[in-house]
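Understanding the architecture of this molecule
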Amino acid sequence: QESVLSRYYPTTQVFFLHLGHPALLGMRCFLALSCGVCATQVHVAVDGTVELESASAVSPRMQTLSILQQRASELMQSKLSPDAAKVVTDILIPTVKNDIVSSINKEFETAQSQLQALVDALRTSTDRAVSGLKTAVSRDTTLVQCRESEKQRLTEYEQCEATKRSTCATKQQQCTDQREAARIKCAAADAASKIQTAKLCLPEECDFKENPTCGSADVEREADGWLAEVRSKMETYQKLAEECRMMTSDASAACEGSEGYCAGDQCAGQRSASDEQRSSCTHNFDSALLAKCDFGRAAQTKCADLTAVRALIAKIKASNRKDALSEPDRIAEFAAVQRLLCLLQALHDEGDLSQQATAACAAKTPYPNSFDYFDQRIAELTAQDSISCSEKSFTFSGYEWDSGLTSAAFVKRSATPAFDVSLASPAFTFCSDDVAVAVDLQTTNGAMVKSPRNQWGPYATCPEGYEVLGLGRIDMIGGAANNNVNDFQCNDNGCRAWCHNTDCSVAARCGKASNLKMANGNTINHQTVNAWSEYSTCPPGFIPIGLAQIDLHGGSSDDNVNDFQCNELGCRAWCESTTCTVTARCAQATNLDVTLGSLGTSAPNKWSDKMPCPAGYVALGMARLDLHSHGENANVNDLECTDEGCRAWCHNSDCGLRSMCGRTFHKDELHLTPGTQVKSPTNQWGPYSTCPSGHKVVGLARLDIISGEHNANVNDFDCNDHGCRAWCHNTECWVVARCARAPGLEATSGPLMHAPGNQWSDFSNCPSGYVAAGLGRVDIIGADSNDNVNDFDCNEKGCRVWCESTDCKVQPRCVKGPNFSVMMGATVSGEENGWSPVSQCPSGSTSLSLSRIDLKGGGSAAQVNDLYCTNEGCKAWCHNSKCTVRSTCAKYEA
């Protein structure tokens, strides 16, 4: 006898049972099982004829059970011999129990786990939305209070200015009045200064005989009167002149005082206080706007999650569905299965075959599952204080201010902004594209699916609302040395695998974030055995987050993936004993930040530790998995990624591994990220590696000489406002800019300074107010392979360089910004022909770029083959020389 009925699969299949028992000789009896999402009902006659009837409203499995019951009845009517009946029932009863019943239970577990995952996501998004609302209320309340104070400070300044204008006018009038009084006084003095000389009446002749005194007594009297009059007028003049002088002096002093007062900054203190308050309120406005818009997006996400939960519950509660979700269908199917089993058992035992007997028998085995619809949890998550998603508006502080340049423009009014629940629209009208509205990245793993050996298995999919990030887990069920993963694929449908000589289980890594889009990179058909492939790179605007595919072209147990690596350049692989195909998995989302986790190692034949991500990041997938041993005995038996990090079980080999980590960032914090990855052609300028919108170029994140020959070096590199580019001598090279974003951050280049060969140059210092982030440019003036940069050194002020065998030019890249500071990372020493340790930054800071690489050896054979900066720090690969490495680090205090 041949194999029995197969499991219930979510595809349209028809399976036949051929009974070749001697008791059935002379008969051909076929039973057909119609599975999955088929839209037709299968009718199988006893003679083997298969008829397809019109579409049915019942579930496919109910169609199957109906057919099986009908066939059982037909078998009874055919009056099989007892031996033949036992053969049929001995095959059918285990088949129904093992296949159909287990399928019902498995679908129950799948539906329950799907709803559990969505409810968990709803819990997470609710927590984020509730927390976001609290933050938005707090910041908006702070803003309203700040506007109150801003108006008060501005009023005080305006009052001071009004007082100044009034006082100035008074003083100017006093100046005018005093000047006029002094003028009048001086005019009086001028008038008093002039007197008419009186003419004394003297005799023309005098005869002493007749006039012995010659009239002198009369003259003396007249003269005395005149002199008295002159003295009186002189005294009047002198008095007026003195009063003129004093009044003129007083008027001048008053006018000078008036001019000084009116020209003086009498309200500097009040204006400074007002300006400071306005600046504080501008910051608070941006902070409150960001918080409200972030909350709005979080609330929209929570409501989308709630919609997904309710939609799934509706599907699960619905009857007569053509998928595997309906719980009423499962309950009805289970009852039908029990009736069928009772019927078959009665046929086997030659018992009571009446409808009443089989119904009573079936009732003894009730449906064993109780579906949890999480009613209580959903009620809690949709309570008014948890955001019910019925809200048409939200109240933050309850108020908003109009503001302007005068206190009269400040108007306070009630505010309850309208809320748009659709993710396709801004949550609030004041949330434009310029406002960061990124919701924190959410990640989970989809359900595990089993992949049969030596063929493609089904896709492991993600919960509704999630995108496929890559592999969440792949587990080879066998543990033999000749077991391996021959091929796996991740795309928008999910992840699947082709496992060689063993079954395996696969789960997708899933995520959702604001405007998350996924794509696969270009496919690299690597035709060289036992060597690194080229990088599979991402489309413009997308970031590599892991592997989408590695396909081993061979089919031998000797074929294996010995190493794969994903970074900002893309993904590549080292395939052992075979050529292979490599494809990167790429992501794009609002304010998505991707970085590498810590590199760790694992002993053979056991689970490694989970390789952690930096604080605030979650693992998106595996960035590196390197088998330290070679040959068919070494392979990866299992790998798994969760939020906490990725781990692996490496069979018969130590292995090195690293997580690819992600998060979403906000506009009110420092964010550093690599720019686009570009390949620079040999002996010419390559294209610019550019930064994302809103980011500034602060230096190099990566400069990798592809050739390892001693005559290959970097002749020139240049980082400016456009990006970073390189001129690589006798080799191609990879170039990636280091990009930074923070409130008020500015970046520029310092002066390009000539540096004589074989000695330290002077420091090329940054403009006033700027600090050096690292090297912006080094141009080797010679073009010989012996010409090289032996050492460079940057401090907070600028950079200098020591160029060997040639003159060169040096230029720093410089940054400044409010609450932005720069410090040096740890100095580390690296051995030749290998990566140096990472130069770590002080706690709370992030690496900007490299501040120093010092080659300890000299000559053309010594050079920097690769330099690499991430948020963790910077490192270098120094060729034929030991070297010293140091990062430049930055901190932003919000």
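Everything discussed here concerns the structure shown above.
Described below are features of the structure shown in this document.

**Notes on the nonpolar core**
One finds Val506, Leu547, Ile550, Phe564, Met622 and Leu625 to be the most contacted residues of the largest nonpolar core, which totals 66 residues. The leading source of residues in this core is strand β21 (residues 618-627), at 7 residues. Residue contacts for Val506: discarding those within four places in its chain leaves Ala447, Met448, Val449, Ala460, Leu471, Arg473, Ile474, Cys495, Arg496 and Ala497. Counting 40 residues, the second largest nonpolar core, distinct from the first, contains Ala726, Cys739, Ile853 and Cys874.

**Topic: unusual backbone geometry**
Although it is not a glycine, Asn501 sits at a positive phi angle of roughly 65°. Along the chain, the position of Asn501 falls in the loop between β11 (494-500) and β12 (504-512). Even without glycine at this site, Asn880 takes up a positive phi of about 60°. Along the chain, the position of Asn880 falls in the loop between β42 (873-879) and β43 (883-892). Since its relative accessible area comes to 32%, Asn880 is described here as partly exposed.

**Here's the deal with the environment of Met823**
As for its position among the elements, Met823 is in strand β37 (residues 820-830). Separated by 22 residues in sequence, Met823 and Ser845 have C-alpha atoms that sit 8.5 Å apart. The residues contacting Met823, other than those within four sequence positions of it, are Glu796, Pro842, Ser845, Ser887, Thr888, Cys889, Ala890 and Lys891.

**Some thoughts on a negative patch on the surface**
Taken together, the side chains of Glu204, Glu205, Asp207 and Glu210 make up a negatively charged region of the molecular surface. Tracing the backbone through its elements, the reader meets Glu210 in the loop between α2 (82-192) and α3 (216-263).

**Focus: the state of the cysteines**
Applying the stated rule across the entire model yields 26 disulfides. Two residues, Cys462 and Cys510, share a disulfide whose sulfurs are 2.1 Å apart. Where Cys462 bonds to Cys510 through sulfur, the torsion about that S-S bond is close to -90°, and the disulfide is left-handed. With Cys462 in the loop between β8 (449-451) and β9 (467-476) and Cys510 in strand β12, the pair connects residues that are 48 residues apart, well separated along the chain. Using a relative accessible area of 18% as the deciding quantity, one classes Cys462 as buried. The disulfide partner of Cys613 is Cys661, and the gap between their sulfur atoms is 2.1 Å. Because the torsion about its S-S bond is -85°, the bridge between Cys613 and Cys661 counts as left-handed. With Cys613 in the loop between β20 (600-602) and β21 and Cys661 in strand β24 (residues 655-664), this residue pair connects regions lying 48 residues apart in the sequence.

**Description of the side chain of Ser847**
Among the secondary structure elements, Ser847 is positioned in strand β40 (residues 846-855). The exposure class assigned to Ser847 is buried, which follows from its relative accessible area of 0%. At 2.3 Å, the side chain of Ser847 forms a polar contact with the backbone oxygen of Thr870. Among all residues touching Ser847, those that are not within four sequence positions of it are Leu672, Arg738, Cys841, Thr870, Asn871, Gly873, Cys874, Ser887, Thr888 and Cys889.

**Some details on the side chain of Asp716**
Tracing the backbone through its elements, the reader meets Asp716 in strand β27 (residues 713-720). Relative accessible area serves as the criterion here: at 4%, Asp716 is assigned to the buried category. Sequence-distant contacts of Asp716, defined by excluding residues within four places in its chain, comprise Trp685, Ala726, Trp727, Arg777, Val778 and Asp779.

Definitions and limits used
- Residues numbered from 1 in each chain as written.
- Predicted model: local features only at pLDDT ≥ 70, side-chain atom pairs only at ≥ 80, totals over all residues.
- Heavy atoms only, no water.
- Core = buried A, V, L, I, M, F, W, Y, C linked by side-chain atoms within 4.5 Å.
- Buried < 20%, exposed > 50% of the residue type's maximum accessible area, 1.4 Å probe, protein only.
- Helix = DSSP H or I, 4+ residues; strand = E, 2+ residues; numbered from the N terminus.
- Contact = heavy atoms within 4.5 Å.
- Patch = residues over 30% accessible without salt bridge, like charges linked within 9 Å, V, L, I, M, F, W, Y side chains within 5 Å.
- Areas by Shrake-Rupley, 256 points an atom, 1.4 Å probe, with all protein chains shown as cover.
- Salt bridge = Lys/Arg side-chain N within 4 Å of Asp/Glu carboxyl O.
- Lys, Arg positive; Asp, Glu negative; His and termini not counted.
- Charge placed at Lys NZ, Arg CZ, Asp CG, Glu CD.
- Disulfide = S-S within 2.5 Å.
- Polar contact = N/O pair within 3.5 Å; in protein donor to acceptor, adjacent residues only side chain to side chain.

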